[in-house]
Amino acid sequence: MSAPIRVLTAVPICDGHDSAINTINLEFIRNGIEVVYLGFHRYVSDIVRAAIQEDVAAVGISSYNGGHIEFFAEVVKQLKKRGAGDIKVFGGGGGTITHDDQRLMQKRGVDQIFFAGTSLTDMVEFVRKRYGKRPKRRPTSDAEMKLARNLTEIEDGYANGKRARKKIENRKSKIENTKVIGFTGPGGAGKTTLIDEIVLRLLHRDNKSRIAILSHDPSVVGEGALLGDRATMINSQDDRVFMRSMATRGQSGGLSPATEDCLQLLAQEGFDYVIIETVGTGQEAMPFQNKLVDQTVLVMNPDYGARLQLQKIVMLDLADIVVVNKSDQERARTAMSEIERRLEGNKRDQQLVATVAKRHRDAGVDALCDLLTEPTQAASKKGKKK
Amino acid sequence: MSKLGRVVEAVEKYNAFVEDEVKRARTDKKFGTEMVKRWNEIKAKIPVGTAPTGLKLPRLALPEIDEAGDITRYLLGDGLPGEFPFLNGAYREMYLEPLQSPAIETGTYEKNGHGAKSKLNGSKNGARNGAAKLAVTEEPTRLFSGLMLAEDTNERFHFLGRHQRSKRLSTAFDGPTLYGIDSDAPGILGKIGEGGVAVDTVEDMVRLYDGFDLGSPDFSASMTISGPAPIIMAMYIAAAKRRFGPGIVPKLRGTIQADIFKEVQAQNETIFPVEASLRFLTDMMEYTTREMPRWYPVSISGYHIGEAGSTPVQQAAYTLSNGFAYAEMMAARGIPVDEFGPRLSFFLDCGLDVEYIALTRVSRRIWAIGMRDAFGAGHKAQMFKVHTQTSGRSLVAAEFKNNLTRTAAELMLSYMNGTNSCHSNSADEPFTTPSEEWIRLAAHGQAILLDESGIFKHTMNMLSGSPGMKAVERAVEAAILEEFREIERLGGVMGAVENRYQRSQIQTAAHRYEQQIYNGLRPIIALNKYRNDTEEMPEFELARTPRAKQQLQVDRLKKFKEKNAAKADKALDKLAAVVETDENCFPALLEAAEVCSLGQISERLQEVVGRFRPMV
C-alpha cells in the first residue's frame, strides 16, 4: 500500500464560491486522495504557508470572482521564492477563466486549468497521474520546509509499512522549554475552535512564542480524507504557527500510526507549545499514552446523556483538565456539577473549566489558557506522572 | 419551541381547519348555501376583457366547481389572488394589461388588494411589477451595474437610465467591499473594481450616485451586499445627508440585501461571527423601520442557496425559515409585526426542476399562514413579495445558445408562480460578465412572454390550479414542512446553523447533482446528451479594471484616512464603546461612516466582536 497523495485546496481572497471546490474535494476523497482544505477567502500567503507546512504535492485553487491571473501567478511565485517550486499549482474557475487567461497563467507557471464541463473523473485522473509520484530528491531550503518534509517521510514510511526511525535522534526526549498539550474529546465538542482560541491568546501573550499544531481527521486505510481544520482555525494561520493535518489512516483511538513519531520530531524542534488534537473519540479512548504529552485536556459537550454515561468515559480519569465547552447551553450547569462530582471521586487535582469557545474573548477560555501557560502547574503535573 | 415550530403547527392547523370547513359546507346546509352564494357573487363581479383577436375572456379564471365543499376548499385553502393565503398571487391583477375601454367592459372589483407597490430587491432587468396600472408610473427595470471605481459605475448608471424617468439603480460591489476590506489592504490588488464597484468611504458613495436625486419618489437604490451591509447602509445615509441635508433620511427609498443567514448557509460573504452580524443587522433594521419607512432593509434570499446547489425544496425551506427567524428577531425587539412585516421581501432562484412549477406559490402560502397565525400579522405583513431570477447554475457553456431556451422556460415558470418581478439571465453568463447583446436578448425574453404573447395578459390564474400543479403543491408543501421540523429539532434556524445543518444539506445536494450529470441521470443537452464535440468555445473580451485605476482608488483612500485621522479614532472609540453595551449601535455607526473607511470600521468591530469563523 503506497502513501496517499496529499493536495491542498482553497478559494482565493474575496471569493466565497465554494460549491465547486466542495464537490471536487468529495470526489478526490472518494478516490483515495487526502485533501487539506484551507477554505474560501484566503490570502496567497496563507495558501503558500499551508502548502509548505502540509508538504502537499500540489495546490488546487477554485476561483470565481476575477483577479485569477494575478492570484494564481502570485501563489506560484511565492512557492518558488520559498524554494518549494516542486509544489505544483492547478485549478479552475468555470467560465470565468478564458482560454487566453489560461495560456497566460500557464506561461507564469500554473500547471493546469480545468474548464467548465471537465468531468470529476478526469480531474481525479489528472491528479493521480501528475502528482502520484513524489520526486526522489526534494528541496529543503529552510528549517520549516525541512521539518515538513521529514514529517512526510515518517508518515509515508508508516503507509509503506516501515517505520522511519532514523529521523528522530533522541527518542522519548524533547526540548526542555517545549510544552506538549494534548486535546481530546467527542466529535462536535468544539475542540478545534477551542484550540484556535487558545492559539490566539498564546500568540498575543508572548509576541515571540512559536506554536506547533498536529491535528487529526479520520480516514480508512487506502482511502482519502478531508483535512479541514485549517479552514476553521483562522487564528492559527500565522507565521509563528506550524500546523500539520494528519489522517488517521485506519487506526482507531483518535490518532494516526505515525503520530507518536511525528510528535517526537515536533517536540525536538524548539517550539514553545506543541498542541495535538485527536479526532472525535469514543468513551473508551485513551489516546495519549506516550510520555511526551505534558498536559491532557478533555473537551466535552454538556449533552453527554445521562449521568451514568460519565462513569464510562475513561479520559475523565486520565485528563489533567476537563473542559465543558458550549457552557452557554441549558444543560451546562447540571453537566458541570455532575462532572465535578465524578472528578472528586478520582482524588487527583484535576481542573474543571467551563468555556464558550465560539464567544469572542470568552473568560472561560482565558482561564483555560492560564492553566495551560502556568509553568509551575505544568511541572507539578509532570512530576505526578509515572 | 422556536417560532418555526409554531409556524409548522400553524400550517398543519390551518390545513385541518380547511378540511373541517369543507366537511361543514357539505353537512351544514346553511353554511353550504352561503359558500355557494358567495362563489356566485365573486363570479358575477369578474370583469371581462377582450383579446386583440376579439375573443372575450374573464380577467380572473376560476375552477369550474359548483359544489359547496369544493368551493370552500378553493376559497380557504388557496384563496383568490390578493387574498389569504395568497397561493394564487400576492395581488389581484398581476401582469394583466389595463382594460382597453372600461366603459363598455362589464363588472368591477371592489377597491382593495389592487396593485403591486413592490419595489423589490435586486431586480436587475425586469418585467412588469404587479398591476399594469403601476407599470405606467414606474418602469420595473432595474439598472444593474457595478464596475471599476465609483465614477465609472456612476457614468454607467447615467448611460443606462438616460431614457427612463424612474431611476432604479442596482449596485454590485467588488470583492474587497463585500468582505469589508479596504482597497489599500495588502494582498488584494487585482481584486479592486473586479466584478463590482470599489467603495471604501462616504466620498465613494457620494461619487457613486452623483447626479441622482436620492429623495425623489422616482429614485430607488438597491445594494447587493450582506456581510458589511450595516456599514455600507450607514455610508449611503451619510452620503445622502452630505448632498441633501439631514431631512433626506425619511425620503430614502431602496433596498439592501443584508441577508446574513444565507451567507452563512451558502454564499460565504460574512465577516463577523453570526450572532454579532445578526445584532448589527437588527440594529440597522430597527433604525430603518423607524426612520426610513420607504426602505426595505433586508432581502431574504434563496437565490444563492439554490445556486450553491440546494434542491428546490431546501431553497424554499431555508429561505422561509430564515425569514421567520428575522421576523422573530424584530418581534423580540418589541417592533410591531405590522410595522416591520411589510418591509421584508424575498429573492428566489428558478431552475428547471419540476418543483419550480409551484415553489413560489407554496412559499407564499406558508409565509402568509405563518405570519398571520404565529406572528399575528395583518394583511400587508402576510404577503410574500418576491423577486425571482432564473437559474445561472442551469446554464452551460457547451452550445451556449441553448441557454436562451433554458431561461425562457424558467421565465415561464417564474410567472406561472406569480413573481412580483423577475431577472432573466444572459445566455453568455457561463463565460463572462454578460455582454450587451445577450443582456438585450434576455430582457426581450420577458417582454415577449408578457407583452407580445397573450399568455399572461388577459386572464389571471391562467396557469394555476391544474391537477398537476396541485399535486406538486401538496408534495412540495409537505417536504418544506419536513425540513422545518428538522430545523426545529436542531434548535431552530440558529441551532441548525451552528450544527452546519443547512450547509451540509446543500453540499450533499450539490454533489448529487454533479454526479447525476456525470452518470447521465440528469440529461443536460449538449453537455451529456446530444453532444457536439466539434463546437469551439467562444472567446469574449472581458472588461478588467486597469492598474492605474486601482492605484487611484488606493491613493484617494489614503488621503481620506490622513485627512480624517483624528476624527476617525474618536468615532471608532465611540462605536466600540456602544457595541460593548446592549444599545442600538446604528447611530454610532452613522457617525463613524462620516469619517472612517469601510475597512477601519470592520476591523474595529472585529476587535470587539471577533471575526467570522468559517464552517466547512
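Residues numbered from 1 in each chain as written. Chains lettered and ligands numbered in written order. Predicted model: local features only at pLDDT ≥ 70, side-chain atom pairs only at ≥ 80, totals over all residues. Heavy atoms only, no water.

A. Representation of the overall build of chain B within the structure. Looking only at helices and strands, one finds 23 helices and 11 strands in chain B. Seen through its principal axes, chain B has C-alpha atoms that stretch 80 × 60 × 55 Å. On chain B, roughly 23700 Å² of surface is accessible, and the fraction owed to carbon and sulfur atoms is 55%. Within chain B, one finds 76 positive and 80 negative side-chain charges whose respective centroids are separated by 4 Å. (Helix = DSSP H or I, 4+ residues; strand = E, 2+ residues; numbered from the N terminus. Areas by Shrake-Rupley, 256 points an atom, 1.4 Å probe, with all protein chains shown as cover. Lys, Arg positive; Asp, Glu negative; His and termini not counted. Charge placed at Lys NZ, Arg CZ, Asp CG, Glu CD.)

B. The arrangement of the sheet that holds strand β11 (residues 421-423) of chain B in detail. All names here are of chain B. Strand order in the open sheet formed by 4 strands is β8-β9-β10-β11, and the pairing between neighbours is parallel. Looking at which strands have only one partner, the edges of the open sheet turn out to be β8 (298-301) and β11. Between one strand axis and the next, the sheet turns by 25 degrees as a mean value, whatever way the strands run. Here strand β10 (residues 386-390) pairs with β11 via 3 bridges, running parallel. Within the sheet, the bridge partner assigned to Gln389 lies in β11 and is His423. (Pairing = 2+ DSSP bridges. Axes fitted to C-alpha atoms, helices over the stretch in contact; angles between N-to-C directions.)

C. Structural view of the side chain of Thr178(A). All names here are of chain A. With respect to the helices, strands and loops of the structure, Thr178 is situated in the loop between α6 (143-159) and β6 (179-184). For Thr178, a relative accessible area of 2% corresponds to the buried category. There is a polar contact of 2.6 Å between the side chain of Thr178 and the backbone oxygen of Phe271. Once you skip the residues sitting within four places of it in the chain, Thr178 turns out to touch Ala267, Gly270, Phe271, Asp272, Val274 and Asp294. (Buried < 20%, exposed > 50% of the residue type's maximum accessible area, 1.4 Å probe, protein only. Polar contact = N/O pair within 3.5 Å; in protein donor to acceptor, adjacent residues only side chain to side chain. Contact = heavy atoms within 4.5 Å.)

D. Here's a closer look at the interface of chain A and chain B. Chain A puts 44 residues into the contact, and the matching count from chain B is 43 residues. Across the chain A/chain B interface, buried area totals approximately 3600 Å², and carbon plus sulfur atoms make up 52% of it. When the buried surface of chain A facing chain B is broken down by residue, Cys14(A), Phe40(A) and Ile234(A) rank first, second and third, together holding 16% of it. At the boundary of chain A with chain B, the tally comes to 6 salt bridges. Residue Arg361(A) is joined to Glu580(B) by a salt bridge in which the shortest nitrogen-to-oxygen separation is 3.2 Å. Remark: the boundary between chain A and chain B carries 18 residue pairs in polar contact (both at pLDDT 80 or more). If you tally residues by element for the side of chain A that touches chain B, the top one is helix α1 (residues 19-30) of chain A, at 6 residues. (Buried area = accessible area lost by both parts, 1.4 Å probe. Salt bridge = Lys/Arg side-chain N within 4 Å of Asp/Glu carboxyl O.)

E. Molecular detail of the pairing of β10(B). All names here are of chain B. Most of β10 sits inside the fold, with 5 of its 5 residues counted as buried. Side chains of β10 alternate between two faces, with Val386, Thr388 and Thr390 and His387 and Gln389 buried alike. Inspection of the sheet shows strand β9 (residues 344-350) paired to β10 by 5 bridges, in the parallel sense. Bridge pairing links Phe346 to Val386 in β10. Traced from β10 through helix α16 (residues 402-416) to β11, the parallel crossover comes out right-handed. (Right-handed = clockwise from strand over helix to strand, strands pointing away.)

F. Up close: the side chain of Gln102(A). All names here are of chain A. Relative to the assigned elements, Gln102 resides in helix α4 (residues 99-107). Taking the relative accessible area as the measure of exposure, Gln102 reaches 14% and is therefore buried. Here Gln102 is in contact with Ile97, Ile113 and Phe115, once residues within four sequence places are set aside.

G. A look at unusual backbone geometry. A cis geometry characterises the amide bond from Phe84(B) onward to Pro85(B), with omega recorded as 0 degrees. With respect to the helices and strands, Pro85(B) occurs in the loop between α3 (68-78) and α4 (132-137). Its identity is not glycine, yet Asp55(A) carries a phi of approximately 50 degrees, on the positive side. As for its placement among the helices and strands, Asp55(A) is situated in the loop between α2 (44-54) and β3 (58-62). A relative accessible area of 0% places Asp55(A) in the buried class. Despite not being glycine, Lys347(A) has its phi angle at roughly 55 degrees, a positive value. Structurally, Lys347(A) is set in the loop between α12 (332-346) and β13 (351-354).

H. A look at the confidence of the model for chain B. All names here are of chain B. Considering every residue of chain B, the mean pLDDT works out to 90; 91% of them sit at 70 or more. The low-confidence segment residues 102-137 (pLDDT under 50) makes 122 contacts with residues lying over four places distant or belonging to another chain. The ipTM, which scores confidence in the relative placement of chains, is 0.90 for this predicted complex, and the corresponding pTM is 0.91. (pLDDT = per-residue confidence, 0-100.)

I. Spatial organisation of the packing of aromatic side chains. Considering all chains together, one arrives at 30 aromatic pairs over all chains under this definition. Relative to Tyr131(A), the ring of Phe126(A) has its centre 5.6 Å away and its plane inclined at 85 degrees; by these criteria the two rings are edge-to-face. Exposure class is identical for Phe126(A) and Tyr131(A). Each is buried. An aromatic cluster is present here, built from Phe157(B), Tyr209(B), Phe212(B), Phe219(B), Tyr236(B) and Trp295(B) joined pairwise through their rings. (Phe/Tyr/Trp six-rings, centres within 6.5 Å; stacked < 30°, edge-to-face > 60°.)

J. Representation of the pairing of β3(A). Residues and elements named next belong to chain A. Where burial is concerned, most of β3 is hidden: 5 out of the 5 residues are buried. In β3, alternate side chains face the same way, and those of Ala58, Gly60 and Ser62 on one face and Val59 and Ile61 on the other are all buried. As paired strands, strand β1 (residues 6-12) and β3 are joined by 4 bridges and run parallel to one another. Bridge assignment links Val7 to a residue of β3, and that residue is Ala58. Pairing of β3 with strand β4 (residues 88-92) involves 5 bridges; the strand directions are parallel. Each residue of the ladder has a partner; that of Ser62, found in β4, is Gly92. In this view, the connection linking β3 to its parallel neighbour β4 by way of helix α3 (residues 68-81) has right-handed handedness.

K. Structural context of the confidence of the model for chain A. Residue-level pLDDT values for chain A average 90, and 94% of them are 70 or greater. The low-confidence segment residues 376-386 of chain A (pLDDT under 50) makes 15 contacts with residues lying over four places distant or belonging to another chain.

L. Representation of the sheet that holds β6(A). Residues and elements named next belong to chain A. Spatial ordering of the open sheet is given by β9-β7-β10-β6-β11-β12-β13, a layout of 7 strands whose pairing is parallel. Taken across any chain shown, the strands that pair with only one partner, and hence form the sheet edges, are β9 (241-247) and β13. If you compare each strand with its neighbour and ignore which way they point, the axes differ by 20 degrees on average. In this sheet, strand β10 (residues 273-277) lies alongside strand β7 (residues 211-217) in parallel orientation, the contact comprising 5 bridges.

M. Broad picture of the packing of helix α22 (residues 586-595) of chain B against helix α23 (residues 598-609) of chain B. Residues and elements named next belong to chain B. One way to put it is that α22 packs onto α23 with a least axis distance of 9 Å and a crossing angle of 135 degrees. Classified by the angle between their axes, α22 and α23 sit oblique to one another. Along the contact surface, α22 presents Leu589, Ala592, Ala593 and Val595, while α23 presents Gln600, Ile601 and Leu605. Taken together, the residues that form the contact of α22 with α23 break down as 6 nonpolar, 1 polar and no charged. (Parallel < 35°, antiparallel > 145°, perpendicular 65-115°, else oblique. Nonpolar A, V, L, I, M, F, W, Y, C, P; charged D, E, K, R; others polar.)

N. Highlighting the state of the cysteines. All names here are of chain B. Within the structure shown, the criterion is met by 0 disulfides over all chains. This cysteine, Cys585, is not joined by any disulfide, and Cys596 carries the nearest cysteine sulfur, 13 Å off. Exposure remark for Cys585: the relative accessible area of 2% places this residue in the buried category. (Disulfide = S-S within 2.5 Å.)

O. Focus on the nonpolar core. Judged by nonpolar contacts, the single largest core of 224 residues is most densely connected at Tyr209(B), Tyr236(B) and Phe484(B). Of the residues forming this core, the biggest block, 11 residues, is contributed by helix α8 (residues 229-244) of chain B. With 27 residues, the next largest nonpolar core counts Ile195(A), Val199(A), Met243(A) and Ile275(A) among its residues. (Core = buried A, V, L, I, M, F, W, Y, C linked by side-chain atoms within 4.5 Å.)

P. Structural context of the environment of Gly351(B). Residue and element names in this part refer to chain B. Take Gly351: it is sitting in the loop between β9 and α14 (359-375). A residue is classified by how much of its surface remains accessible, and Gly351, at 5% relative accessible area, is buried. Taking the C-alpha atoms as reference, Gly351 lies 9.9 Å from Thr311; in sequence the two are 40 residues apart. When residues no more than four places from it in sequence are discounted, the contact partners of Gly351 are Tyr356, Ser391, Glu410 and Leu413.

Q. Spatial organisation of the pattern of salt bridges. Evaluation of the coordinates by the stated rule reveals 69 salt bridges over all chains. Salt-bridge contacts for Asp18(A) lead to Arg503(B); the nearest nitrogen and oxygen are separated by 2.9 Å. Here Asp18(A) is found in the loop between β1 and α1, whereas its partner Arg503(B) is found in helix α20 (residues 501-518) on a different chain. Using a relative accessible area of 5% as the deciding quantity, one classes Arg503(B) as buried. In this structure, a network of salt bridges that share partners links the residues Arg6(A), Glu34(A), Glu54(A), Glu155(A), Arg230(A), Arg244(A) and Arg249(A).

R. The arrangement of the packing of α8(B) against helix α10 (residues 274-291) of chain B in detail. All names here are of chain B. Two elements in contact, α8 and α10, have axes whose closest approach is 9 Å; the angle formed by their N-to-C orientations is 35 degrees. Contacts between α8 and α10 involve Ala229, Pro230, Met233 and Ile237 from the first element and Phe280, Leu281, Met284 and Tyr287 from the second. For the contact of α8 with α10, the residue count by class is 8 nonpolar, no polar and no charged.

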